[in-house]
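The chain contents come next:
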Amino acid sequence: MVKKGLWILFATFALLIGFYPTIYFLIDRKFGLLNSKSAELLSNTFWNIGFYTHIILGGVALLIGWTQFSPKMRNSRIALHRKLGKAYVVSVLLSALAGIYIGFFATGGWVSSAGFICLGVVWFYTTLKAYLHIKNGEILKHQKMMVYSYAACFAAVTLRIWLPILTIMYGDFFKAYLVVAWLCWIPNLIVAYLITSKATNP
């Protein structure tokens, strides 16, 4: 019962934050993190391409990625599993590259930039490795890397959980952002390690 409840919560967060980027198209652009960006940066064509590529395809990856962990789908609808998997991989690789680029312009300077750039590299690497493993028929290695990949992807969720908490704790958004640039993904990878370790060492 607890496991089912956690699965529902996991899927709900993935769906909610997966659709989150649509807000940027429905209201004024000066929303959320864009409030901290300069007018010069917001008018930069390359940054805008990177930003929208990152949030749109990242949202797609978040929306479809969680379904890949359903044993029922893998066993009974393998064709759909593969199609969604390919869509996830393409979305992640492009979103991660865009994320690495816009990471250089992250609010807070080099500390937050380093955090988000490292996240982008980890997300890209684990996803690419997962794809290469399945191409080579290495199913267990593929599954392990996919856990790490989606743990990195889920940083979009954990960032939005931690950021308001840290902002209240520090009483300062910019200090909170420096911490969340690392806190949004490192604990996720630790959880991924625990999950994969348990799977390989029952």
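Below is a summary of the structure that appears in this document. Everything numeric here is computed off the predicted structure, so don't read it as measured data. Throughout this description, residue numbers start from 1 for each chain and increase along the sequence as written. In keeping with the predicted nature of the model, local features appear solely for residues at pLDDT of at least 70, side-chain atom pairs appear and are counted solely at 80 or more, and the whole-chain, interface and lining totals rest on all residues. Values reported for side chains reflect all heavy atoms of the structure, with hydrogen atoms and water molecules removed beforehand.

A separate point is the pattern of salt bridges. Salt-bridge detection follows one rule: a side-chain nitrogen of Lys or Arg within 4 Å of a carboxyl oxygen of Asp or Glu. A complete count under the given rule lists 1 salt bridge for this structure. A salt bridge links glutamate 138 to lysine 141; the nearest nitrogen and oxygen atoms lie 3.7 Å apart. Among the residues examined, lysine 141 registers a relative accessible area of 46% and is labelled partly exposed. Note on exposure labels: buried denotes an accessible area under 20% of the residue type's maximum, exposed denotes more than 50%, and partly exposed covers the range between, all computed with a 1.4 Å probe on protein chains only.

The next point concerns a nonpolar patch on the surface. A grouping of Phe46, Ile49, Tyr101, Phe104 and Phe105 is seen on the molecular surface, where their side chains present a nonpolar patch of about 550 Å² in accessible area. Note on conventions: DSSP H or I runs of at least 4 residues are helices, E runs of at least 2 residues are strands, and numbering of each starts at the N terminus. Here phenylalanine 105 lies in the loop between helix H6 (78-103) and helix H7 (110-135). Only residues whose relative accessible area exceeds 30% and that take part in no salt bridge are eligible for patches, with like-charged residues grouped when within 9 Å of each other and nonpolar side chains (Val, Leu, Ile, Met, Phe, Trp, Tyr) grouped when within 5 Å. Computed by Shrake-Rupley with a 1.4 Å probe, the accessible areas treat only the displayed protein chains as cover when residues are assessed.

Right, let's get into the environment of lysine 141. Assignment of secondary structure puts lysine 141 in helix H8 (residues 139-153). Placed 55 residues apart in sequence, lysine 141 and threonine 196 show a C-alpha to C-alpha distance of 9.8 Å.

On to the environment of tryptophan 110. Structurally, the position occupied by tryptophan 110 is in helix H7. Separated by 69 residues in sequence, tryptophan 110 and leucine 41 have C-alpha atoms that sit 17 Å apart.

So, about helix H9 (residues 155-170). Bending is quantified residue by residue as the angle between axes fitted to the seven-residue window ending at that residue and the seven-residue window starting at it. When the local axis directions of H9 are compared, the greatest deviation, roughly 25°, occurs at tryptophan 162, which is followed within four positions by the proline proline 164. Ala155, Val157, Thr158, Leu159, Leu163 and Leu166 are the residues of H9 that are buried. At the C-terminal side of H9, glycine 171 shows a positive phi close to 70°.

Covalent bonding between the sulfur atoms of two cysteines is what defines a disulfide. We call a pair of cysteine sulfur atoms a disulfide whenever their separation is within 2.5 Å. According to the stated counting rule, one finds 0 disulfides in the structure shown. Unpaired in this structure, cysteine 118 has its nearest cysteine sulfur neighbour in cysteine 184, at a distance of 11 Å. Residue classification places cysteine 118 among the partly exposed residues on the basis of a relative accessible area of 32%. Of all cysteine sulfurs in the structure, the one in cysteine 184 sits closest to cysteine 153, which takes part in no disulfide; the separation is 12 Å.

What follows deals with the packing of aromatic side chains. Centres within 6.5 Å are what make two rings of Phe, Tyr or Trp a pair, Trp counting through its six-membered ring; a difference in plane orientation under 30 degrees is then read as stacked, over 60 as edge-to-face, and the rest as tilted. In total, this model carries 10 aromatic pairs according to the counting rule given. Aromatic side chains tyrosine 88 and tyrosine 150 sit 6.2 Å apart centroid to centroid with 45° between the ring planes, which places their arrangement in the tilted category. You can see tyrosine 88 sitting in helix H6 and its partner tyrosine 150 sitting in helix H8, a full 62 residues away along the chain. Assigned by exposure class, tyrosine 88 and tyrosine 150 land together as buried. With a centroid separation of 5.5 Å and 20° between ring planes, the pair formed by phenylalanine 173 and tyrosine 177 is classed as stacked. Of the two residues, phenylalanine 173 and tyrosine 177 are both situated in helix H10 (residues 173-183); the distance of 4 residues between them amounts to about one turn of the helix. One aromatic cluster is present, formed by Phe69, Tyr88, Tyr150 and Phe154 through successive ring pairs.

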